[in-house]
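Each chain is listed here by its residues.
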Amino acid sequence: MDEPGAAVRVDWDALRSAAREAMTHAYAPYSNFPVGVAGLVDDGRVVTGCNVENASYGVGLCAECGMVSELARTGGGRLVAVACVGGDGQPLMPCGRCRQLLWEHGGADMLIETVSLGIVPMREVLPDAFGPEDLTAAATRSAEGTAAAERGQA
C-alpha cells in the first residue's frame, strides 16, 4: 500500500513480519521485554534489529540501535519506513533516544507505525526535532558572530 509522500512502496505487513522475526533474536533476560524493529531503506533493502540487554541495565542496546548499525554495515542509505514491535508482536513506539536516532537516519518524511496515531511521518512524532542541519546552522551563526565581533574590534 502506498503511503502519502512515500517515494517507495511500503509493505507494512512484510515490515512488521521482519520486525517480529528480529524480535525472536532479542537478548532480554533482565526485562523479559524483547523488541524487534525493521526498516525499509530508500534502495529497497530491509534492515532489522533486536534489543540486547546487559547486566548493568542502563547500557543495553535498543533494537533501533541494532537496526541502524545494520543500515550502516550494509551500505547506508536513508530509512523510508519503520515498524517496531514488542514481545506480543504488536506495534511499539520507540523510546525518545531511538526516535532521535531514527530522525537522524530517516528524517522528517520517514514513516513510522505508532501505537495511537497509526502510520505517520516522523515530523508528527518529533515536530521540533534536532538534527545535523541544526549543528551546521549553529556553527554558521557562531562563525558569523565571531567575524562580526572581530570587525568591531579592528
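Residues numbered from 1 in each chain as written. Predicted model: local features only at pLDDT ≥ 70, side-chain atom pairs only at ≥ 80, totals over all residues. Heavy atoms only, no water.

This part takes up the overall build of the protein. Assigned secondary structure in the protein consists of 5 helices and 5 strands. Ordered by position in the sequence, the α and β elements of the protein form the string α-β-β-α-β-α-β-β-α-α. Its C-alpha atoms give the protein principal-axis dimensions of about 65 × 40 × 30 Å. Buried positions account for 37% of the 154 residues belonging to the protein. In the structure as shown, the protein presents an accessible area of about 8400 Å², 55% of it carried by carbon and sulfur atoms. (Helix = DSSP H or I, 4+ residues; strand = E, 2+ residues; numbered from the N terminus. Buried < 20%, exposed > 50% of the residue type's maximum accessible area, 1.4 Å probe, protein only. Areas by Shrake-Rupley, 256 points an atom, 1.4 Å probe, with all protein chains shown as cover.)

Before going further, it helps to spend a moment on helix α3 (residues 96-106). Given 3.6 residues to a turn, an α-helix orients residues that are three or four positions apart in the same direction. Residues Cys-98, Leu-102, Trp-103 and Gly-106 constitute the buried set of α3. The buried residues of α3 occupy one face: seen down the axis, they fall within an arc of 150 degrees. After α3 finishes, the residue Gly-107 shows a positive phi value of roughly 80 degrees. (Arc of directions from axis to C-beta.)

Put simply, the largest pocket is a space of about 250 Å³. Class assignment for the residues of the lining of the largest pocket results in 12 nonpolar, 4 polar and 2 charged. (1 Å grid on protein atoms, 1.4 Å probe; cavity = no way out; pocket = protein on both sides within 12 Å on 5 of 7 lines; lining within 4 Å. Points joined across faces, edges and corners; volume = space filled by probe spheres on them. Nonpolar A, V, L, I, M, F, W, Y, C, P; charged D, E, K, R; others polar.)

This brings us to the confidence of the model for the protein. Low pLDDT marks stretches whose predicted atomic positions should not be read closely. Looking at the protein as a whole, the pLDDT averages 91, with 94% of positions reaching at least 70. Scored below 50 in pLDDT, residues 1-6 shows 7 contacts in the model against residues more than four places distant or in partner chains. (pLDDT = per-residue confidence, 0-100. Contact = heavy atoms within 4.5 Å.)

All told, the structure shown has 1 aromatic pair when counted by the stated rule. On the basis of an interplanar angle of 90 degrees and a centroid distance of 5.6 Å, the ring pair of Tyr-30 and Tyr-57 is categorised as edge-to-face. Within this pair, whereas Tyr-30 is found in the loop between α1 (12-23) and β1 (36-41), its partner Tyr-57 is found in the loop between β2 (46-50) and α2 (63-73), the two being separated by 27 residues in sequence. You can call Tyr-30 partly exposed: its relative accessible area is 37%. For Tyr-57, a relative accessible area of 61% corresponds to the exposed category. (Phe/Tyr/Trp six-rings, centres within 6.5 Å; stacked < 30°, edge-to-face > 60°.)

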